[in-house]
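Chain residues, written in single-letter form:
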Amino acid sequence: MHPAPSIIFFTVFSGLGFGLLTFLGFGKPDVSGFTAFVFFAVAYALAVSGLIASSFHLGNPQRALKAFTQWRSSWLSREACLSVAALVIMGLYAIGVVFFNTRIAPLGLLGAALSLATVFATAMIYGQLKTVPRWNHWTTPLLFLGYALTGGAFLAGQTSIALPLLLLLGVGQLAAWMIGDGQFAKAGSTIETATGLGNIGKVRMFEAPHSSKNYLMTEMVHQVGRKHRHTLRIFGILCLSLTPFILLSAFQFSHMLALAAVLLHIIGAVTIRWLFFAEAEHTVGLYYDKR
Amino acid sequence: MTQLPTHTEKKLGLVIDLDTCVGCHACVVSCKGWNTENYGAPLSDQQPYGAEPVGTFLNRVHSYEVQPETGFAQTIHFPKSCLHCEDAPCVTVCPTGASYKRVEDGIVLVNESDCIGCGLCAWACPYGAREMDLAEGVMKKCTLCVDRIYNENLPEEDREPACVRTCPSNARHFGDLADKDSKVSKLVAERGGFDLMPEQGTKPVNKYLPPRPKDEEIDILAPFLEPIAAEPTGFLGWLDRTLEKI
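Fair warning: this is a prediction, and the values are worked out from it, not measured in the lab.

So, how was this worked out
The residue numbering used here restarts from 1 in each chain and proceeds along that chain's sequence as written. All chains are assigned letters beginning at A, and all ligands numbers beginning at 1, according to the order in which they are written. Note on the predicted model: pLDDT of at least 70 is required for a residue's local features to be given, and 80 or more for side-chain atom pairs to be given and counted; whole-chain, interface and lining totals, by contrast, use all residues. Segments assigned H or I by DSSP are reported as helices when at least four residues long, segments assigned E as strands when at least two residues long, and all are numbered from the N terminus. In this description the radius of gyration comes from C-alpha coordinates, and the expected globular size is given by 2.2 Å times residues to the power 0.38. Any residue pair is listed as a contact if its two C-beta atoms, each placed from the backbone, are within 7 Å. All amino acids are sorted into three groups, where Ala, Val, Leu, Ile, Met, Phe, Trp, Tyr, Cys and Pro are nonpolar, Asp, Glu, Lys and Arg are charged, and the leftover types, Gly among them, are polar. UniProt positions are given in the numbering used here, feature names are shortened, and annotations may be inferred rather than shown by experiment. Remark: nonpolar core denotes a set of buried Ala, Val, Leu, Ile, Met, Phe, Trp, Tyr and Cys residues whose joining runs through C-beta atoms within 7 Å. Here a residue counts as buried when 20 or more other C-beta atoms fall within 10 Å of its C-beta, as exposed when 12 or fewer do, and as partly exposed in between; the C-beta atoms come from the backbone. Two strands qualify as a pair provided that DSSP identifies no fewer than 2 bridges between them. Note on geometry: axes are C-alpha line fits, over the in-contact stretch for helices, and angles between N-to-C directions span 0 to 180 degrees. For classification purposes, an angle smaller than 35 degrees is called roughly parallel, one larger than 145 roughly antiparallel, one from 65 to 115 roughly perpendicular, and anything else oblique. A crossing counts as left-handed when the near helix is turned anticlockwise from the far one by less than a right angle, and as right-handed when that turn is clockwise.

Some words on the overall build of chain A
Phase 1 of the analysis: A tally of regular secondary structure across chain A gives eleven helices and one strand.
Phase 2 of the analysis: Ordered by position in the sequence, the α and β elements of chain A form the string α-α-α-α-α-α-α-α-β-α-α-α.
Phase 3 of the analysis: Taken over C-alpha atoms, the radius of gyration comes to 21 Å for chain A, in line with the 19 Å a tight globule of 291 residues would show.
Phase 4 of the analysis: Oriented by its inertia axes, the alpha-carbon framework of chain A measures out at about 75 × 45 × 30 Å.

Comments concerning the interface of chain B and chain A
Phase 1 of the analysis: Contact with chain B, which involves 51 residues of that partner, is made by 47 residues of chain A.
Phase 2 of the analysis: Among the elements of the structure, strand 4 (59-67), strand 5 (74-81), helix 2 (89-92), helix 3 (120-124) and strand 8 (131-133) of chain B are those that each provide at least two residues to the side of chain B that touches chain A.
Phase 3 of the analysis: With eight residues, the top contributor of residues to the side of chain B that touches chain A is strand 4 of chain B.
Phase 4 of the analysis: Residues belonging to the side of chain B that touches chain A are distributed by class as follows: 28 nonpolar, 15 polar and eight charged.

A look at the UniProt feature "transmembrane region" (unreviewed entry) in chain A
Phase 1 of the analysis: In the numbering used here, UniProt assigns the feature "transmembrane region" (unreviewed entry) to residues 7-27, 33-59, 80-100, 106-126, 138-155, 161-179, 232-251 and 257-276 of chain A.
Phase 2 of the analysis: A helix fraction of 100% and a strand fraction of 0% characterise residues 106-126 of chain A, whose end C-alpha atoms lie 31 Å from each other.

Thoughts on the nonpolar core
Phase 1 of the analysis: Among the nonpolar cores identified, the biggest contains 148 residues, and A:L20 and B:C121 are the most heavily contacted of them.
Phase 2 of the analysis: Counting residues per element, this core draws most heavily on helix 3 (residues 75-99) of chain A, at twelve residues.
Phase 3 of the analysis: Contact partners of B:C121, with chain neighbours within four places excluded, come to B:C90, B:V93, B:C94, B:S99, B:R130 and B:M139.

Quick notes on the sheet that holds strand 1 (residues 202-207) of chain A
Phase 1 of the analysis: With antiparallel pairing, the three strands of this open sheet are ordered in space as 1(A)-4(B)-5(B). At either margin of the open sheet sits one strand with a lone partner, and together these are strand 1 of chain A together with strand 5 of chain B. Taking each pair of neighbouring strands and ignoring which way they run, the sheet shows an average axis angle of 40°.
Phase 2 of the analysis: Sitting on the sheet, helix 1 (residues 26-37) of chain B is in contact with strand 4 and strand 5 of chain B, with an inclination near 165° to strand 4 of chain B.

What to know about the environment of A:L20
Residues and elements named next belong to chain A.
Phase 1 of the analysis: Relative to the elements of secondary structure, L20 occurs in helix 1 (residues 5-25).
Phase 2 of the analysis: Given 26 C-beta atoms within a 10 Å radius, L20 is considered buried.
Phase 3 of the analysis: Measuring from C-alpha to C-alpha, the distance between L20 and A153 comes to 6.6 Å, with 133 residues separating the pair along the chain.
Phase 4 of the analysis: If near-sequence neighbours (up to four positions away) are discounted, L20 is found in contact with V42, A43, L46, G152, L155 and A156.

Considerations on the packing of helix 1 of chain A against helix 4 (residues 105-127) of chain A
All names here are of chain A.
Phase 1 of the analysis: Relative orientation of the contacting elements helix 1 and helix 4 amounts to 160°, with a least axis distance of 8 Å. On the basis of the axis angle, helix 1 is roughly antiparallel to helix 4. When the axes of helix 1 and helix 4 are compared, the crossing they make is left-handed. Taken together, the residues of helix 4 that come into contact with helix 1 (itself represented by T11, S14, G15, F18, L21, T22 and G25) are G108, L109, G111, A112, S115, L116, T118, V119 and T122.
Phase 2 of the analysis: Grouping the constituent residues of the contact of helix 1 with helix 4 by class yields six nonpolar, ten polar and no charged.

Some points on the packing of helix 3 of chain A against helix 4 of chain A
In a packed pair of helices, the relevant descriptors are the angle between the two axes and the axis-to-axis distance.
Residue and element names in this part refer to chain A.
Phase 1 of the analysis: Where helix 3 contacts helix 4, the two axes come as close as 8 Å, and the packing angle between them is 160°. Taken as axis vectors, helix 3 and helix 4 run roughly antiparallel relative to one another. With respect to the hand of their crossing, helix 3 and helix 4 are arranged in left-handed fashion. Only L107, G108, L110, G111, L114, S115, A117, T118, A121, T122, M124 and I125 of helix 4 make contact with helix 3, whose side of the interface consists of W75, L76, R78, E79, L82, S83, A85, A86, I89, M90, L92 and Y93.
Phase 2 of the analysis: A class-by-class count of the residues in the contact of helix 3 with helix 4 yields 16 nonpolar, six polar and two charged.

Given below as structure tokens:
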């Protein structure tokens, strides 16, 4: 699948923002006044900028409000509704914390739940697609939640929670890669089932239907960069999980060190999210004898 | 509404005969022509005369080579357009309600004034039947020529999809696949029509007819054209022997 920068930016940063909002909703850190304002501002900046970035890949963004209507069937619509609900509830909660030094706990918990539900809905946009077997697996929503919670714990300054999550996330990502590598074969779609000609013999593309690329190929038969997948996977895991873990556990805590760890973690997350798209293979590629 | 209807009164669709398709791409051209000049946003091209021409098409013809265990390979031309699936995954993923499946005839359509061009429906389709129009930013797909098949301004013989009307080898058939007595249903039953990628669970309405088995004997005259003499004789024989010696 084509790794569009707007979607990578959206999924990583809105995930971080909603992850941070989740921790703020639980009252971690238990701050008020200006400090709380800064925390909420960071969370909102991340979540909202991610959502705005997602509109950059729309053909007609002026009609985006219509995306709130089909929550009964569409995960994308559910994500839109949940994200606005989470932002509104957390906004009310933030007003109490920032301006009145009162933490309305049930409101915070509701906001945290909605924030996690938003991340889950984002993941299900990909996880629901049977056409992309690598994504069509329970590891997709689990990992998206893992990324949001780990990054959120980090940004909320909850080092004791972030440390075990960092390792868990790393292991979870490795497991997802191992499972994901076999998913396309397991789904059973081949050029023979795609054309229905398998009972005659082995099928191969003889002539393409068009002389240059088309929308389908640039969007769904993206093969660029896959040859570097192993290097990128190692680089991604080192940045995402191992290096931040070592920085935070082996050295005396300092804010500069924590900042470096957070930045590395985000670089790792962006790299791995790029791979999430670049490595994903769509069944339409079979019609082009490509994966 | 992007929830799928539980039942459609008709199942209008195409039956495509892979035995008779000659791969002329006339259906591709007539589809592009009709659907550019009629319903909805025109099917645009980007740099049509440039180095990398791209454009929106609702119907494409792939050509495959199939190699049996024994014998010669076969070339099979393979037209592909929207299959108007009963369980259409492209419809349910749509966030705006622009994509829908009609209760009356099962045609899957896009309401272009509601489409935000997010492209998720194209991702959800296993067959690559939907293409984003890069000029309009809306999703385009086969409408089964909904503006022809019910159009009383057209002569009756033209009230079928443009691709079917134009096919010079009669490889494309249009009709109601819910009606067991329809011409298309009979064709599917007689010829063993099949679904594309049944493992995807989309329950396509369109069916494909398999190529008929090739004749074992290619040419009845061939046995009479066996070489008479295995070894050359006469002048050619002398030449052959002389050249061997050199």
